[in-house]
Amino acid sequence: MIVIITDSASFIKNYIDDLNDRLRQYKPGAELTAIQKSWLSFCLTGILMVNAVCWAKFERASIGSYKLAALSWMFRNSKVSWDFLLFASVKLIFKKFGITGGVLVFDESDRARSKTTKRIYKTHKQKHKASGGYVNGQTVVLLLLVTDSITIPVGFKFYMPDPVVSAWNKEEEMLKKKGIPKSKRPVKPALNPEYPKKIQLALLLLENFKKNHPEITVKCILGDALYGPDEFMSGASYLFGGIQVISQLKSTQNIQFRGKKKTVKDYFDVTNKGVKATIRVRGGEEQNVTISSARLKVDAHGGKKRFVIALKYDGEKDYRYIVATDVSWRTIDIIQAYSLRWLVEVFF
């Protein structure tokens, strides 16, 4: 199907006008010029019509009215306060939809670019699932707010692994296979602050959200197993005054039960076996599950007591182990809250 864009969509023009009023209100001098408004309105219309961010596709859709080089130049050289534009845009959406609270959810997405990239920000070598090979790409750590009405992105950071540490990991793996003892292997390089971990980026995103949107009541914070370490869970909970933070534990992680150490898998397989139950997730259809839960001390969290849940949906072979910082919540409340994380997959 051929898509032709003769003018920017009227509702997008209205949105840009409202956004510009917000920019003027929050940061005088940051408002968009007439050319910038026209360019941004066209780009948003192009994204909507061709389902991509691609200057070449925009040019073709406009039948040459907007040239690729000019569109790209505006993006690279125009004096737009991009960070503040996102801030004002999120504020505008909160007001339009009457949003006063929600659940913050973390996830990350790998975006393949090409085998050779020199000018794209923070590209690095990634496993390409489709081909089984490797490709250069970007990793985006994304923070979304899930509300009763909509799910919207409210912040993001690009992640890139430290090339020095990556090279050390590769050499370490090779030396291990050769049987070289640890004492004779190179010491792991010190952390470089220029390459923060995903957890550090996530905590920074939370700090920014709290500072920029104090009017929003955050009910809890969710993340997958990557955000299961105590560094993130305790740090995120502390930032918001002890708020509930929910993530996952690996099956091999240890817990303390009656003074004895066990893996979380052994505990729920032997000591606290699951029972059949029916749950309704986010007001959807009822689902049959096998479930068990307990308040346990988690070794990797410095022995802190956490609410740990073993959950398995019908048709699944293995349990997933959900962990929560606030042990006062009920099992079903934690499960229902954690199910909101899957809305991020729908968003992607």
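Up top is the structure.
Residues numbered from 1 in each chain as written. Predicted model: local features only at pLDDT ≥ 70, side-chain atom pairs only at ≥ 80, totals over all residues. Heavy atoms only, no water.

Chemist: Teacher, can you tell me more about the pattern of salt bridges here?
Modeler: Side chains that differ in charge, positive against negative, can pair when their charged atoms come close. Using the criterion set out here, one finds 13 salt bridges in the structure. Salt-bridge contacts for aspartate 333 lead to arginine 330; the nearest nitrogen and oxygen are separated by 3.0 Å. The class for aspartate 333 is partly exposed, based on a relative accessible area of 24%. In this structure arginine 330 comes out as exposed when scored by relative accessible area, which is 54%. Taken together, the shared-partner salt bridges connect Asp230, Lys304 and Arg306 into one network. (Salt bridge = Lys/Arg side-chain N within 4 Å of Asp/Glu carboxyl O. Buried < 20%, exposed > 50% of the residue type's maximum accessible area, 1.4 Å probe, protein only.)

Chemist: I keep staring at the layout of surface pockets and nothing clicks. Help me out?
Modeler: To find leftover empty space, one rolls a probe the size of a water molecule over the atoms. Here the second largest pocket is characterised by a volume of approximately 470 Å³. Surrounding the second largest pocket, 23 residues form its lining, Tyr159, Lys188, Lys197, Lys198 and Leu226 being those nearest its centre. For the lining of the second largest pocket, the secondary-structure elements that each account for two or more residues are helix H6 (163-177), helix H7 (198-212) and strand E6 (244-249). Per-element accounting of the lining of the second largest pocket gives the leading share, three residues, to H6. (1 Å grid on protein atoms, 1.4 Å probe; cavity = no way out; pocket = protein on both sides within 12 Å on 5 of 7 lines; lining within 4 Å. Points joined across faces, edges and corners; volume = space filled by probe spheres on them. Helix = DSSP H or I, 4+ residues; strand = E, 2+ residues; numbered from the N terminus.)

Chemist: Would you take a moment to explain the packing of aromatic side chains for this structure?
Modeler: Geometrically, a pair of aromatic rings is defined through the distance of the ring centres and the angle of the planes. All chains considered together, the criterion is met by 18 aromatic pairs. Considering the side-chain rings of tryptophan 55 and phenylalanine 75, the 5.7 Å spacing of their centres and the 50° angle between planes classify their relative orientation as tilted. Residue tryptophan 55 is located in helix H3 (residues 55-61), and its partner phenylalanine 75 is located in helix H4 (residues 68-77); the two are separated by 20 residues in the primary sequence. Residue tryptophan 55 is classed as buried on the basis of its relative accessible area of 19%. An aromatic cluster is built from Trp39, Phe42, Trp55, Phe58, Tyr66, Phe75 and Trp82, whose rings are joined through pairwise contacts. Positioned over the ring face of tyrosine 319 is lysine 312, at 4.6 Å from the centre of the ring. (Phe/Tyr/Trp six-rings, centres within 6.5 Å; stacked < 30°, edge-to-face > 60°. Lys NZ or Arg CZ within 6 Å of the ring centre and 35° of its normal.)

Chemist: Can you help me understand the environment of threonine 117 in this one?
Modeler: Summarising the element assignment, threonine 117 is placed in the loop between strand E1 (101-114) and strand E2 (124-127). A residue is classified by how much of its surface remains accessible, and threonine 117, at 16% relative accessible area, is buried. Between the alpha carbons of threonine 117 and asparagine 136 there is a distance of 6.8 Å; along the sequence they are 19 residues apart. Beyond its immediate sequence surroundings of up to four residues, threonine 117 is in contact with Thr123 and Asn136. (Contact = heavy atoms within 4.5 Å.)

Chemist: Teacher, can you tell me more about empty space enclosed by the protein here?
Modeler: One pass over the structure, following the stated rule, counts one cavity of 30 Å³ or more. Residue lining of the largest cavity: Leu311, Tyr313, Arg320, Ile322, Ile335, Tyr338 and Trp342, and that is the complete set. At the level of secondary structure, the elements contributing two or more residues to the lining of the largest cavity comprise strand E11 (304-313), strand E12 (320-324) and helix H10 (331-338). Classifying every residue of the lining of the largest cavity gives six nonpolar, no polar and one charged. (Nonpolar A, V, L, I, M, F, W, Y, C, P; charged D, E, K, R; others polar.)

Chemist: What should I look at first to understand the nonpolar core in this one?
Modeler: Across soluble globular proteins, you tend to see nonpolar side chains buried next to one another. By size, the foremost hydrophobic cluster in this structure holds 44 residues, and its most contacted members are Leu104, Phe106, Leu206, Ile221 and Phe232. Of all the elements, H7 adds the most residues to this core, at seven residues. With near-sequence residues (within four places) excluded, leucine 206 lies in contact with Leu104, Phe106, Leu143, Ile221, Phe232, Ala236, Leu239 and Phe240. (Core = buried A, V, L, I, M, F, W, Y, C linked by side-chain atoms within 4.5 Å.)

Chemist: Explain H10 here, please?
Modeler: Since there are 3.6 residues in each turn of an α-helix, residues three or four apart along the chain are aligned in direction. If you check which residues of H10 are buried, you get Thr331, Ile334, Ile335, Ala337 and Tyr338. The buried residues of H10 occupy one face: seen down the axis, they fall within an arc of 165°. (Arc of directions from axis to C-beta.)

Chemist: Hey, could you run me through the packing of helix H1 (residues 10-26) against helix H5 (residues 82-97) in this one?
Modeler: Two quantities define a packed helix pair, namely the angle between the axes and the distance from one axis to the other. Two elements in contact, H1 and H5, have axes whose closest approach is 9 Å; the angle formed by their N-to-C orientations is 110°. By the angle between their directions, the pair H1 and H5 is classed as roughly perpendicular. In this structure, the crossing between H1 and H5 has a hand that is right-handed. Taking contact as the criterion, the partners of Tyr15, Asp18, Leu19, Arg22, Leu23 and Tyr26 in H1 are, on H5, Phe84, Leu85, Phe87, Ala88, Ser89, Lys91, Leu92, Lys95 and Lys96. Partitioned by chemical class, the residues of the contact of H1 with H5 number nine nonpolar, one polar and five charged. (Axes fitted to C-alpha atoms, helices over the stretch in contact; angles between N-to-C directions. Parallel < 35°, antiparallel > 145°, perpendicular 65-115°, else oblique. Left-handed = near helix turned anticlockwise from the far one by under 90°.)

Chemist: Which parts of the structure should I look at to understand the packing of H1 against helix H2 (residues 34-50)?
Modeler: The geometry of H1 relative to H2 is characterised by a closest axis approach of 9 Å and an angle of 135° between their N-to-C directions. One finds that H1 runs oblique with respect to H2. Crossing handedness for the pair H1 and H2: right-handed. Residue-level inspection shows Phe11, Ile12, Lys13, Tyr15, Ile16, Asp17 and Asn20 of H1 in contact with H2, the latter providing Lys37, Leu40, Ser41, Leu44, Thr45 and Leu48. Grouping the amino acids of the contact of H1 with H2 by side-chain chemistry returns seven nonpolar, three polar and three charged.

Chemist: What exactly am I supposed to notice about the side chain of serine 234 here?
Modeler: When you line up the elements, serine 234 lands in helix H8 (residues 230-239). A distance of 3.0 Å separates a polar atom in the side chain of serine 234 from a polar atom in the side chain of arginine 306. For serine 234, the residues in contact, after removing those within four places along its chain, are Lys304 and Arg306. (Polar contact = N/O pair within 3.5 Å; in protein donor to acceptor, adjacent residues only side chain to side chain.)

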